[in-house]
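# Results of the structural survey
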Amino acid sequence: MLDRLTLAAAWIREAPSVAALTGAGISAESGVPTFRGKDGLWRTHRAEELATPGAFARDPLLVWEWYRYRQRIIAGARPNAGHEALAGLERGARDFTLITQNVDGLHARAGSSRIVELHGNIFRARCPVDGSLRDLAGDEPETIPLCPRGHAMRPDVVWFGEALPEGAIALAESASRRAAVFLVVGTSAVVYPAASFATIAKQSGARLVEVNVEETPLTGAADLALRGKAAEILPLLVPGAARSAVGE
Ligand code: NAD
């Protein structure tokens, strides 16, 4: 394992361009539940049953209660050493793009700024009628935020079955094509098109490095698969990048 960590760290250090695709696993050690396994249940509902346009049309209050619950967890969470290592990579690398499926905003709180949020952000609401946005961070508004004319706003996130924002796809695609090293961190790689960016990168000549506690459908394509927790492995790949764990 040590040899493979050293090799991956050298690839990253020498790469003119690096991109990373992160998923819920990188925030697991901050205490934010992933969607898979028992952690994915809220009350009796599975995430896949709530994060859909159909669920919102049927019961917007139920969906918003679930999002409020998740917002509270995330507001009380802190970025971990994995987020901080990637923020450090951005400070050091010539060209680094962070593509994330996460909606929790923890990468930004760790100090990353070149972030492509593929699936939106849980602290924003969007009016389906006029497209207006509302920032939900920091306040405690009513459970269902309302559009100017009284319609229910929806969370500004991409639900199962919905298209990703085109601008985000374009940025993620071009970063994937440029990357000499592509990191895939804490994603089950079953949600598309997010997982396809790793394939695009690989086909464009990138070295694919996976960091995950388990095997995924991408493991076979990885040049290096590093088994373990993101908060433990990423700081070893980007030595010196993490800020001190105390005193944010
Ligand atoms: P996922 O829940 O499908 O998969 C999580 C992956 O992380 C798994 O492969 C698991 O083995 C791995 N993992 C768990 N703990 C880990 C750790 N400590 N270190 C490294 N890997 C770890 O998540 P996904 O692939 O991101 O896809 C699900 C969808 O859920 C995404 O669209 C995302 O928007 C959404 N989601 C986001 C959050 C968040 O913003 N934090 C949380 C849950 C779900």
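Residues numbered from 1 in each chain as written. Predicted model: local features only at pLDDT ≥ 70, side-chain atom pairs only at ≥ 80, totals over all residues. Heavy atoms only, no water.

### Describing the sheet that holds strand S6 (residues 120–126)
- Read across the sheet, three strands follow the order S7-S6-S8 without closing on themselves; strand pairing throughout is antiparallel. Every interior strand has two partners, whereas the edge strands, strand S7 (133–135) and strand S8 (154–157), have only one. Here the strands of the sheet are splayed against their neighbours by 50° on average, with no regard to which way each runs.
- Looking at chain direction, S6 and S8 are connected through three bridges and run antiparallel. (Pairing = 2+ DSSP bridges. Helix = DSSP H or I, 4+ residues; strand = E, 2+ residues; numbered from the N terminus. Axes fitted to C-alpha atoms, helices over the stretch in contact; angles between N-to-C directions.)

### A few points about the sheet that holds strand S9 (residues 181–185)
- Sheet architecture is open: six strands sit in the order S5-S4-S1-S9-S10-S11, paired in parallel fashion. The open sheet has two free edges, formed respectively by strand S5 (115–117) and strand S11 (224–227), since each of these has just one partner strand. Between one strand axis and the next, the sheet turns by 15° as a mean value, whatever way the strands run.
- Pairing between strand S10 (residues 207–212) and S11: four bridges, direction parallel. Residue Glu210 lies in a different strand from S11, and its bridge partner there is Ala225.
- In the packing of helix H6 (residues 81–92) onto the sheet, contacts are made with strand S1 (18–22), strand S4 (96–100) and S9, and the angle to S4 comes to roughly 150°. (Contact = heavy atoms within 4.5 Å.)

### What to know about the state of the cysteines
- Within this structure, the stated rule accounts for one disulfide.
- Between Cys127 and Cys147 runs a disulfide, and the two sulfur atoms are separated by 2.3 Å. A torsion of 105° about the S-S bond marks the disulfide between Cys127 and Cys147 as right-handed. Separated by 20 residues along the polypeptide, Cys127 in the loop between S6 and S7 and Cys147 in the loop between S7 and S8 bring together distant segments of the chain. Considered together, Cys127 and Cys147 belong to a single accessibility category, that of buried residues. (Disulfide = S-S within 2.5 Å. Buried < 20%, exposed > 50% of the residue type's maximum accessible area, 1.4 Å probe, protein only.)

### Regarding the side chain of Thr187
- Within the secondary structure, Thr187 is located in the loop between S9 and helix H9 (196–203).
- Separated by 2.8 Å, the side chains of Thr187 and Gln101 make a polar contact. (Polar contact = N/O pair within 3.5 Å; in protein donor to acceptor, adjacent residues only side chain to side chain.)

### Re the site of the ligand
- Near the ligand there are 26 residues, and of these Arg36, Gln101, His119, Thr187 and Ser188 occur at the shortest range.
- In the model, an oxygen atom of the ligand is placed 2.7 Å from a nitrogen or oxygen of the Asn212 side chain.
- Relative to its unbound accessible surface of 850 Å², the ligand loses 93% to contact with the protein.
- Element by element, the count of residues in the shell around the ligand is highest for helix H2 (residues 25–28), at three residues.
- Looking at the shell around the ligand residue by residue, the class counts come to nine nonpolar, twelve polar and five charged. (Near = heavy atom within 4 Å. Areas by Shrake-Rupley, 256 points an atom, 1.4 Å probe, with all protein chains shown as cover. Nonpolar A, V, L, I, M, F, W, Y, C, P; charged D, E, K, R; others polar.)

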